[in-house]
Amino acid sequence: MATATYPPPPPYYRLYKDYLQNPKSAPEPPPPIEGTYVCFGGSYTTDDVLPSLEEQGVRQLYPKGPNVDFKKELRSLNRELQLHILELADVLVERPSQYARRVEEISLIFKNLHHLLNSLRPHQARATLIHILELQIQRRKQALEDIKSRREEAQRLLKESLGTLDGQ
């Protein structure tokens, strides 16, 4: 009984057999997926929209609307989280059977913190991209200045060598 180390290639590799002679003979790639699709049994969408907390069945602890002060709300939720963790420690010491409600409250605060941070992701991506592009511009300007200085140095050396040759 013979076994192969690797399985045979998929049959569509034959579509590319004349690629070296005629690169246009290969089929076009499939178009990008639009809308919803299923992958490994899960339904996904190509629309990159952060669902609201209400859509997820979670109570929102910070004000709704487009003009949310993220810094203020994150600080507020962080303080509230610290307070609830201290209360949980007290409950665990004094009434260990009543810890479940405190854990649910802490979970709610964490979900709200997580949602607030996720809503800042687009801003973070833009800021990161701006920073990367500014660094690239700075490196290119530095490289250009280096090239100019080396060119001037080479021109100076050529003039000196010509002067030396003319003086002989």
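Residues numbered from 1 in each chain as written. Predicted model: local features only at pLDDT ≥ 70, side-chain atom pairs only at ≥ 80, totals over all residues. Heavy atoms only, no water.

Per an unreviewed UniProt entry, the chain carries the name Mediator of RNA polymerase II transcription subunit 7 and comes from Herrania umbratica. Recorded under Function (unreviewed entry), the UniProt text for the chain is reproduced unchanged: "Component of the Mediator complex, a coactivator involved in the regulated transcription of nearly all RNA polymerase II-dependent genes. Mediator functions as a bridge to convey information from gene-specific regulatory proteins to the basal RNA polymerase II transcription machinery." Taken directly from UniProt, the Subcellular location (unreviewed entry) text for the chain runs: "Nucleus". (UniProt positions renumbered as here; feature names shortened; annotations may be inferred.)

### Observations concerning the environment of Tyr62
Examined against the element boundaries, Tyr62 turns out to sit in the loop between β2 (42-45) and α1 (70-94). Sequence separation between Tyr62 and Ser97 is 35 residues, and the spatial gap between their C-alpha atoms is 30 Å. What Tyr62 contacts, discounting residues up to four positions off in sequence, is Leu53, Val68, Glu73, Leu77, Asn112, His115 and Leu116. Polar contacts involving the side chain of Tyr62 include one to the side chain of His115, which spans 2.8 Å. (Helix = DSSP H or I, 4+ residues; strand = E, 2+ residues; numbered from the N terminus. Contact = heavy atoms within 4.5 Å. Polar contact = N/O pair within 3.5 Å; in protein donor to acceptor, adjacent residues only side chain to side chain.)

### Some details on the pattern of salt bridges
The full count for this structure, using the stated rule, is nine salt bridges. Here Glu73 makes a salt bridge to Lys72, at a shortest N to O gap of 3.4 Å. Exposure remark for Glu73: the relative accessible area of 8% places this residue in the buried category. The shortest N-O distance in the salt bridge between Arg102 and Glu87 comes to 3.0 Å. Placement of the pair is Arg102 in helix α2 (residues 99-119) and Glu87 in helix α1, with a sequence separation of 15 residues. Arg102 sits in the buried class, given a relative accessible area of 17%. Taken together, the shared-partner salt bridges in this structure form one network comprising Glu87, Arg101, Arg102 and Glu105. (Salt bridge = Lys/Arg side-chain N within 4 Å of Asp/Glu carboxyl O. Buried < 20%, exposed > 50% of the residue type's maximum accessible area, 1.4 Å probe, protein only.)

### Observations regarding the UniProt feature "coiled-coil region" (unreviewed entry) in the chain
The feature "coiled-coil region" (unreviewed entry), as annotated in UniProt, sits at residues 130-164 in this numbering. Span residues 130-164 is 100% helix and 0% strand, its end C-alpha atoms 51 Å apart.

### Quick look at the pairing of strand β1 (residues 36-39)
Of the pairings in the sheet, the one linking β1 to β2 comprises four bridges and is antiparallel in character. By the bridge assignment for β2, Thr36 is matched with Thr45. Between the end of β1 and the start of β2, which pair antiparallel, lie two residues, with Phe40 showing a positive phi angle near 55°. (Pairing = 2+ DSSP bridges.)

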